[in-house]
Amino acid sequence: MQTSLVQAFDERGEGLVLRGHEFEWDPNKTGSRSPRLTAEGAHQLMALVLDRYEAVMKQTPARIVVHKTSRYWPDERDGFRAAIESRVRCYDLMALEAQSRVRLITTSKYPPLRGTRFSFGELDYLYTTGYISALNEFHGMHVPAPLQVADHVGQDSSRDALLKEVLALTKLNWNSAALGGLLPITIKFSGLVGEIMREIPADREPLPQFKFYI
């Protein structure tokens, strides 16, 4: 038995943390250790987010961008799209994966510039860590590896605009003095919040305000 977790942020950085519906997942039957939602589960999760957002913000969001760490299965994609398209016009779904299989090698003694982007087919790679020319420094102990960006569904924003947003979101970790991290705050804190959520009993409703988790 698994439980879905979702975080929602507005343009001011205010966030909501919501625990979704429970669902069953058998790796032996599905052939994947990474849990995926059914179309109905994805629809329910997105509807839960939009309902809570509208209740708190008193308005419907003009645009939605979903960040996920694994590829979208067809059922997940269809469920998210159906829930969003019934209420919001502009949306983009993205899969962001930290990986170490693909790297650029520079001819200098420094790693690639932070913000460097390159592509292979439909896959984009973005260096969210790397050499910072404005500071003439590299803030890291190891050779950096770029994020892999895949499964861009929606196409309502250009890939360049989405990657710039991802890069900006790596600088929003208020618990760190680092200039930026590998992962955007949307992905980084989901793992940390998930650890806290595991300790909350199933019969208790988690506090939705993001400030209780940072």
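Above this text sits the structure in question.
Parameters and conventions
What you see as residue numbers is a count from 1 along each chain, following the sequence as written. Selection of residues for local features in this predicted model requires a pLDDT of at least 70, selection of side-chain atom pairs for listing and counting requires 80 or more, and totals for whole chains, interfaces and linings are taken over all residues. Think of the side-chain values as coming from all heavy atoms in the structure, minus any hydrogens and water. The buried label goes to any residue with under 20% of its type's maximum accessible area, the exposed label to any with over 50%, and the partly exposed label to all in between, with areas taken from a 1.4 Å probe on protein chains only. Helical segments are the DSSP runs of H or I of at least four residues, strand segments are the runs of E of at least two, and each set is numbered from the N terminus. Along the arc lie the directions from the helix axis toward the C-beta atoms. We call two residues in contact whenever any of their non-hydrogen atoms come within 4.5 Å of each other. Take the buried Ala, Val, Leu, Ile, Met, Phe, Trp, Tyr and Cys residues and link them wherever side-chain atoms come within 4.5 Å; each set so joined is a nonpolar core. Cavity and pocket criteria rest on a 1 Å grid covering protein atoms alone: a 1.4 Å probe that fits but cannot get out defines a cavity, protein on both sides within 12 Å along at least 5 of 7 lines defines an open pocket, and an atom within 4 Å of a point defines a lining residue. Grid points are joined across faces, edges and corners, and a volume is the space filled by probe spheres set on the points. Each residue gets one of three labels, nonpolar for Ala, Val, Leu, Ile, Met, Phe, Trp, Tyr, Cys and Pro, charged for Asp, Glu, Lys and Arg, and polar for the others, Gly among them. Here the rule is simple: two strands pair whenever DSSP picks up at least two bridges between them. Here an axis means a line fitted to C-alpha atoms, over the contact stretch when the element is a helix, while the angle between two N-to-C directions is reported on a 0 to 180 degree scale.

### As for helix 4 (residues 159-169)
- Every buried residue of helix 4 is accounted for by R159, L162, L163 and V166. All buried residues of helix 4 project into a common sector of 95 degrees when viewed along the axis, lining one side.
- Buried residues in helix 4 make contact with strand 3 (63-68), strand 4 (90-98), strand 5 (117-120), strand 6 (123-126) and strand 9 (147-153).

### Focus on the nonpolar core
- Counting residues in hydrophobic clusters, the biggest one holds 16 residues, and the most contacted among them are M46, I64, V66, Y72, F80, I84 and L93.
- By residue number, the principal contributor to this core is helix 2 (residues 39-57), which donates four residues.
- Contacts of I64, omitting those with residues within four sequence positions, involve M46, L50, I84, V88, C90, Y91 and D92.
- Ranked by size, the runner-up nonpolar core spans nine residues in total, among them L96, L147, L162 and I187.

### Observations regarding empty space enclosed by the protein
- Per the stated rule, a full pass over the model turns up one cavity of 30 Å³ or more.
- Looking at the largest cavity, its volume works out to about 70 Å³.
- Together, R114, T128, T129, G130, I132, F138, H139, A178, L179 and G180 line the largest cavity.
- Of the residues assigned to the lining of the largest cavity, the class counts are four nonpolar, five polar and one charged.

### Some thoughts on the sheet that holds strand 9
- If you trace the five strands from one edge of the open sheet to the other, you get 3-4-9-6-5, paired in mixed fashion. Edge positions in the open sheet fall to strand 3 and strand 5, since each of these has one partner strand only. With strand direction ignored, the average angle separating the axes of adjacent strands in the sheet is 30 degrees.
- Taken together, the five bridges between strand 4 and strand 9 define a ladder with antiparallel strand orientation. Across the sheet, residue A95 finds its bridge partner in strand 9, namely A150.
- Packed on one face of the sheet, helix 3 (residues 74-85) meets strand 3, strand 4 and strand 9 and runs near 145 degrees to strand 4.

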